[in-house]
Amino acid sequence: MTHKYTIEGMSCSSCEATVKNRLLGIENITEVTVSKENKEATITMTQPIELLVLQDALGGKESKYKISIGNQTSDKMKPSDCCSTNDKKKSTTNYHHTVGKYYCPMHCEGDKVYDNSGDCPVCGMDLVKQPELDSVTKYTCPMHTEVMEDKPGSCPKCGMDLVPMQPSTSEEEKHYQKLWYKMKIALLFSIPVFIISMSDMIPNNPLYELMDLKTWNWVQFFLTLPVVFYACWMFFERAWKSIVNWNLNMFTLIGIGTGVAFLFSILGLLFPSFFPDQFKTTEGSVHLYFEATAVVLTLVLLGQLLEAKAHTKTNGAIKELLKLAPTNATIVVNGEEKQISIQDIQIGDTIRVKPGEKIPVDGKITEGKSTIDESMISGEPIPVDKKENDEVKSGTINGNQSFLMVAEKIGSDTLLSQIVQMVTEASRSRAPIQNLVDKISRYFVPIVVLISVITFFIWWLFGPEPKLVYAFVNAIAVLIIACPCALGLATPMSVMVGVGKGAKLGVLIKNAEAIEKMDKIDVLITDKTGTLTEGKPSVEKIVVNEANENEVLAKIASLNQNSEHPLANAIVSFAKDKNIDFYKVNDFDAVTGMGVVGKINEERILLGNQKLLEQEKVHLNQSIENEVESEQEKGKTVSYIAIEGKLIGYITIKDAIKKTSLEAIQKLKEQGVSVVMLTGDNEKTAKAVAEELKVSDFKASCLPEDKLNYIKKLQEQGKIVAMAGDGINDAPALAQADIGIAMGTGTDVAIESAKITLVKGDLKGIVNAKELSHAVMKNIKQNLFFAFIYNSIGIPIAAGLLFPFFGMLLSPMIAALAMSFSSVSVIANALRLRTVKI
């Protein structure tokens, strides 16, 4: 399991190294990554470890290094409070779905998450709640709403059947409703201010018949107060926070611009004699900008409202995945069925799945058969036939037959939960292209402020009368039209939508870096078994000389019970189908890339390829070798059998090539990707498969280190390499490749080593991943282009560039409207990814 902890007190690279080494010294910790910039450590452990143990390793309570997780710190905890070894699954579930619910859409602190809603402590943006699995469905009585139970049943007061409670309004919806309420308040007061101000353009202003200008100025002042100090006060708080943290952003510019206009107007209202005549009307009162303040803030609030609405759609794919999780299940106990919450399901429970129901947890069918709609996790629309002993996954939908299943994985261990967690983490990760944006954004606001100051002085020195008024208004317009948020949102919004889109296609992306690199790959390295082939090998025949066939089969099947290789499983299954009795095996050894050896009744048994025979100095019989070569030329895999150093025969195993492999390889070639097959199988079998799939480049008899070294060699040549595999022996190569792609049907080790996992487990998913990454990167570039062009054109216009030629100036109110819609436009463009055909 892997957890992220916050660590305070690190100030340099030496601190990073100290923290890492001390944590690695703790038993059961296998890997530690430390970042002083993000003030965090990512710790991989084989079992839960108490927070107090981690703090003690860092020097105890007196150490300058303080470790915490979520809102928990070691000095406020008892040993039982965190990561109790008594309940490993519960601890894992709580961490993934309770601790750290909120993140900043600008990713100011990387993928850091926060426990409570509010504003980002760095940039001030509204924190967004990440989607999470529903915990428990509550039930209530229609007559007594105060009754709440975790399970269905009868009301303890009146006996009526309890009904599921309607889910409460989501936090995103609450945030949107809160902003909408503030928007209504802002409109209620801003519109009258705007009307009063604009009435000056009406000949014989009718408002002056009611009150004079000075009195109307006071009315504007009082109407502006609720807009500034209630509806939009958060913008000034964020501006102040951004200046204090020196993380200058949109709110810095909005706060300075509207704040200056508001303070100027108050001073002009209270002390008109202090101002030069250029700022005054013919009646002697100062031109005030209460309407600019109120309307600009209201338009910025409108932009925030539209962003909040759009944010609810960017992670829509994750929410659709969450909806797949059922809330209840029917378990069978002593022949009786009863309905319980999925939270109460235990491993080993027998569950009845009825027609049309969602499968509640991962497990295996024990009685009956059906067709299962797995499109929601694999992207394949065709239902899959399932029978006894076949695996079924949480969230998939049963067809028109009922069956019994046994629960094997529950809670956060189910495939659906792991998909949701992977997608959620990936959507918060940063793509390398974001680093360029961050560098630009760091200097953007100071440059805009400088341009605003220059604009003021140019108009004051060279502009027409009233110079000061022009200088003041245009300087504010420059501040308000600039939008660094459009730049900041360009990448994360596209990544979030793209990762969600991938999940719906059965392409699980571990981080944003994988999206960017997948678009650039030159070479795809692929394994054979389980990647190009079905990965469901079956024994075709066993040939032995001078020995009993069933006796030999019993020995090699017994040997293979200790191996996880697909070929080994095929031999074991073949023996079981023949009701062969198994032997006890001693001194078992799996020789990587060669085969297996062991002792049965003091006889040394060997099963493997020609390399294993050579290593064990077993003489190769010419007649057997000829038969084996004939089988290999047909694309079949053959393993030699030797007992006590003597070759006695072989076993032939066939593994059908996936129907999608040839089409996928052709499409990848059309996209400019070279496909290379590296397999541990022999030369002749590899050649037969390569010819059938039209793979021109292949290498046979590869050990794990051979695959690793081949990838390193390509990378040294400047190639960007993707590796697709599904076995334990592929894990080193998957980790070394620029992009490791694991088949979802493969081993956990392979999936853990990869950056992309294909739920369905075929090469068609790689084509989808390549096309998706291209679409996401294209979308990001469109967003960045739009943001750069918008600011490049908008700022000069706001500064008055068009005035000498066309006599046009940009009102601060129009600038605010344009600024608000720039961020919304970026999000809207990112949302287009949901409709891209892949």
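Residues numbered from 1 in each chain as written. Predicted model: local features only at pLDDT ≥ 70, side-chain atom pairs only at ≥ 80, totals over all residues. Heavy atoms only, no water.

Draft legend 1. Structural context of the packing of aromatic side chains. Under the criterion given, the structure shown has 15 aromatic pairs. By the ring-pair criterion, three or more aromatic residues cluster together here, those being Trp218, Phe221, Phe222, Phe229, Trp233, Phe236, Phe262 and Phe290. (Phe/Tyr/Trp six-rings, centres within 6.5 Å; stacked < 30°, edge-to-face > 60°.)

Draft legend 2. Geometry of the environment of histidine 619. For histidine 619, the position within the fold is in the loop between helix 18 (610–615) and helix 19 (622–632). A relative accessible area of 66% places histidine 619 in the exposed class. Along the chain, histidine 619 and leucine 647 lie 28 residues apart, while their C-alpha atoms are 6.9 Å from each other. (Helix = DSSP H or I, 4+ residues; strand = E, 2+ residues; numbered from the N terminus. Buried < 20%, exposed > 50% of the residue type's maximum accessible area, 1.4 Å probe, protein only.)

Draft legend 3. Region of interest: unusual backbone geometry. Look at the link from glutamate 465 to proline 466: it is a cis peptide, with omega at -5 degrees. Mapping proline 466 onto the fold places it in the loop between helix 12 (433–462) and helix 13 (467–481). Not every positive phi belongs to a glycine, and glutamate 602 is a case in point at roughly 70 degrees. As for its placement among the helices and strands, glutamate 602 is situated in the loop between strand 24 (595–600) and strand 25 (603–608). On the basis of relative accessibility, which here comes to 64%, the residue glutamate 602 falls in the exposed class. Phi at lysine 694 is positive, roughly 60 degrees, even though this residue is not glycine. In this structure, lysine 694 sits in the loop between helix 21 (683–693) and strand 29 (697–699).

Draft legend 4. Spotlight on the confidence of the model for the protein. For the protein, the average pLDDT comes to 79, and 80% of its residues sit at 70 or higher. Low pLDDT, under 50, characterises residues 76–100; the stretch is placed with 50 contacts to residues that sit more than four places away or in other chains. (pLDDT = per-residue confidence, 0-100. Contact = heavy atoms within 4.5 Å.)

Draft legend 5. A look at the packing of helix 13 against helix 25 (residues 764–799). For the pair helix 13 and helix 25, the least separation of the axes is 8 Å and the interaxial angle reads 165 degrees. In terms of orientation, helix 13 lies roughly antiparallel with respect to helix 25. In terms of crossing hand, the pair formed by helix 13 and helix 25 is right-handed. In this structure, helix 13 contributes Asn474, Ala477, Val478 and Ile481 to the contact, and helix 25 contributes Tyr790, Asn791, Gly794, Ile795, Ala798 and Ala799. Grouping the amino acids of the contact of helix 13 with helix 25 by side-chain chemistry returns seven nonpolar, three polar and no charged. (Axes fitted to C-alpha atoms, helices over the stretch in contact; angles between N-to-C directions. Parallel < 35°, antiparallel > 145°, perpendicular 65-115°, else oblique. Left-handed = near helix turned anticlockwise from the far one by under 90°. Nonpolar A, V, L, I, M, F, W, Y, C, P; charged D, E, K, R; others polar.)

Draft legend 6. Local environment of a nonpolar patch on the surface. Taken together, the side chains of Leu450, Val453, Ile454, Phe457, Ile458, Trp460, Leu461 and Phe462 make up a nonpolar region of the molecular surface, amounting to roughly 810 Å² of accessible area. When you line up the elements, isoleucine 454 lands in helix 12. By relative accessible area, isoleucine 454 is classed as partly exposed at 41%. (Patch = residues over 30% accessible without salt bridge, like charges linked within 9 Å, V, L, I, M, F, W, Y side chains within 5 Å. Areas by Shrake-Rupley, 256 points an atom, 1.4 Å probe, with all protein chains shown as cover. Salt bridge = Lys/Arg side-chain N within 4 Å of Asp/Glu carboxyl O.)

Draft legend 7. Representation of the nonpolar core. Grouped together as the largest cluster of nonpolar side chains are 72 residues, with contacts concentrated most on Val448, Met518, Leu524, Ile739, Ile741, Ile756 and Ile766. For this core, the element with the most residues is helix 25, which contributes 14 residues. Among residues more than four places away in sequence, those in contact with isoleucine 741 are Met518, Leu524, Ala722, Met723, Ala724, Gly725, Leu734, Ala754, Ile756, Leu758 and Ile766. (Core = buried A, V, L, I, M, F, W, Y, C linked by side-chain atoms within 4.5 Å.)

Draft legend 8. Molecular detail of the sheet that holds strand 31 (residues 739–743). If you trace the seven strands from one edge of the open sheet to the other, you get 20-32-31-30-21-28-29, paired in mixed fashion. The open sheet is flanked by strand 20 (507–509) and strand 29, the only strands paired with a single partner. Adjacent strand axes in the sheet meet at a mean angle of 20 degrees, parallel and antiparallel pairs treated alike. Relative to strand 29, helix 21 is tilted by about 155 degrees, and along the sheet it contacts strand 28 (674–678) and strand 29. (Pairing = 2+ DSSP bridges.)

Draft legend 9. Region of the structure containing the environment of histidine 175. Checked against the element boundaries, histidine 175 lands in helix 4 (residues 171–198). Each C-alpha atom of the pair histidine 175 and aspartate 126 lies 9.1 Å from the other, and the pair is 49 residues apart in sequence. Residues within four places of histidine 175 in sequence aside, it is in contact with Asp126 and Ala308.

Draft legend 10. Geometry of the sheet that holds strand 17 (residues 391–392). The strand order across the open sheet formed by six strands is 12-11-13-19-14-17, and the pairing between neighbours is antiparallel. Two strands bound the open sheet, and with one partner strand each, they are strand 12 (336–341) and strand 17. Relative to strand 19 (residues 403–409), strand 14 (residues 362–367) runs antiparallel, the two being bridged by five bridges. Across the sheet, the residue bridging to isoleucine 365 is methionine 405, located in strand 19.

Draft legend 11. Main features of the pattern of salt bridges. In total, this model carries 16 salt bridges according to the counting rule given. Measuring nitrogen to oxygen at the nearest pair gives 3.8 Å for the salt bridge that ties lysine 387 to aspartate 390. Relative accessible area serves as the criterion here: at 54%, lysine 387 is assigned to the exposed category. With a shortest N-O distance of 3.2 Å, glutamate 513 and lysine 517 are connected by a salt bridge. Residue glutamate 513 and its partner lysine 517 are located together in helix 15 (residues 512–518), separated by four residues, close to a single helical turn. A relative accessible area of 27% means that glutamate 513 is categorised as partly exposed.

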